[in-house]
Amino acid sequence: MGSTNQEEVRLLGKWASPFSNRIDLALKLKGVPYEYSEENLPIKSEDLLKYNPVYKKVPVLVHNGNPIAESLVILEYIDETWTNNSLLSQDPYERGLARFWAKTLDDKILPAIWNACRGAEKGSEKSVEEAFEALKLLEDEIKDKKFFGGETIGLVDIAASFIGYWVDILQEIAGLKLLTIEKFPKVFKWSQEFINHPVIKEGLPPRDKLFAFFKASAPK
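Residues numbered from 1 in each chain as written. Predicted model: local features only at pLDDT ≥ 70, side-chain atom pairs only at ≥ 80, totals over all residues. Heavy atoms only, no water.

## Focus: the side chain of R118
Considering the arrangement of structural elements, one finds R118 in the loop between α4 (92-117) and α5 (125-142). Among the polar contacts listed, one links the side chain of R118 to the side chain of S217, at a separation of 2.8 Å. If sequence neighbours within four positions are ignored, R118 has contacts with L170, F214, S217, A218 and P219. (Helix = DSSP H or I, 4+ residues; strand = E, 2+ residues; numbered from the N terminus. Polar contact = N/O pair within 3.5 Å; in protein donor to acceptor, adjacent residues only side chain to side chain. Contact = heavy atoms within 4.5 Å.)

## Comments concerning unusual backbone geometry
In this structure, P59 follows V58 across a cis peptide bond, with omega equal to 5°. Positive phi is not limited to glycine here, since N85 has a value of about 45°. Looking at the secondary structure, you find N85 in the loop between α3 (71-81) and α4. Although it is not a glycine, K143 adopts a positive phi angle of roughly 50°. On the secondary structure map, K143 appears in the loop between α5 and α6 (155-159).

## Describing the sheet that holds strand β2 (residues 35-38)
Pairing in this open sheet of four strands is mixed, and the strands run β2-β1-β3-β4 from one edge to the other. Bordering the open sheet on either side are β2 and β4 (66-69), each of which pairs with just one other strand. Shown here is a sheet whose adjacent strand axes are inclined to one another by a mean of 20°, direction ignored. The strands touched by helix α1 (residues 18-30) within the sheet are β1 (9-13), β2 and β3 (60-63), with β1 carrying the most contacts at an inclination of about 155°. (Pairing = 2+ DSSP bridges. Axes fitted to C-alpha atoms, helices over the stretch in contact; angles between N-to-C directions.)

## Digging into the packing of aromatic side chains
In this structure the tally under the stated criterion is eight aromatic pairs. Both rings, one in W190 and one in F194, keep their centres 5.2 Å apart while their planes meet at 20°; by these two values the pair is stacked. Residue W190 and its partner F194 are located together in helix α8 (residues 185-195), separated by four residues, close to a single helical turn. The exposure classification of W190 matches that of F194, with both residues buried. The rings of W15, W114, F213 and F214 are connected pair by pair, giving a single aromatic cluster. If you follow K209 out to its NZ or CZ, it ends over the ring of W15, 4.2 Å from the centre. (Phe/Tyr/Trp six-rings, centres within 6.5 Å; stacked < 30°, edge-to-face > 60°. Buried < 20%, exposed > 50% of the residue type's maximum accessible area, 1.4 Å probe, protein only. Lys NZ or Arg CZ within 6 Å of the ring centre and 35° of its normal.)

## A closer look at the packing of helix α7 (residues 161-174) against helix α10 (residues 207-216)
Packing of α7 against α10 brings their axes to within 10 Å, and their N-to-C directions diverge by 45°. Between α7 and α10, the interaxial angle falls into the category oblique. Between α7 and α10 lies a crossing whose hand is right-handed. Two secondary-structure elements touch here, α7 through Y165, W166, D168, I169, L170, E172 and I173 and α10 through R207, L210, F211, F214 and K215. Of the residues belonging to the contact of α7 with α10, the class tally is eight nonpolar, no polar and four charged. (Parallel < 35°, antiparallel > 145°, perpendicular 65-115°, else oblique. Left-handed = near helix turned anticlockwise from the far one by under 90°. Nonpolar A, V, L, I, M, F, W, Y, C, P; charged D, E, K, R; others polar.)

## As for the side chain of S17
Take S17: it is sitting in the loop between β1 and α1. There is a polar contact of 3.2 Å between the side chain of S17 and the backbone nitrogen of F19.

## Some details on the nonpolar core
Residues L105, I109, I113, I163, L178 and W190 are the most contacted members of the largest nonpolar core, which totals 63 residues. It is α4 that provides the largest number of residues to this core, a total of ten residues. Leaving out residues up to four positions away in the same chain, I109 has contacts with W101, T104, A134, L137, L138 and I163. Of all hydrophobic cores here, the second largest spans six residues; its members include L12, L48, Y51 and V58. (Core = buried A, V, L, I, M, F, W, Y, C linked by side-chain atoms within 4.5 Å.)

## Points about the environment of V54
On the secondary structure map, V54 appears in the loop between α2 (46-51) and β3. As a C-alpha pair, V54 and K209 span 155 residues in sequence and 31 Å in three-dimensional space.

## Quick look at the pairing of β4
Sheet topology places β3 next to β4; four bridges connect them, and they run antiparallel. Bridge pairing in β4 places H63 opposite N66. Between the end of β3 and the start of β4, which pair antiparallel, lie two residues, with N64 showing a positive phi angle near 50°.

In short, the description is geometric, and any link to function would need to be established separately.
Structural data, given as structure tokens:
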């Protein structure tokens, strides 16, 4: 684990962001002490502009003065730096597969669900259909595993925390039924396993606070 006495670990994040929360969860699973700095977007702090001048977005992990941006990149950095409770398999094929699904979540699955709940086409037949197709991909992938990586929480589970936690809130606000036990029993079961894991449960933002935040900013 290295000498934590001399390590400075800092996370620049936004409490309601699932991408920022990924890093919270990974650090907690690894038992890494860190300092959290809440960013007030769109007013960007000097630190954010200094540490992530390219994208000017959260999350940013600063480890001993060295900044790393983009949540999936940060997750891999954390896994390589603190080697306990591995998020990625030692097997190259399994690692490649996990990276593929984490990227697919960000590029294809999360945007489809976000558009159905919050986008310009919110609730339209087309956007809902695309959200169902996206969830079907996950349903087919998880099969009968407890977590996407097997028996323990890994990279894909953390990348999918939006599905496990945020979706239930967003679909309630939008008046949609996307992820249900009837439609996607395997993903639904996974979501319950995930959010009730003791470390994850402690690391997720309070549901009522998130609900109020997204309700207040919901497209009319």
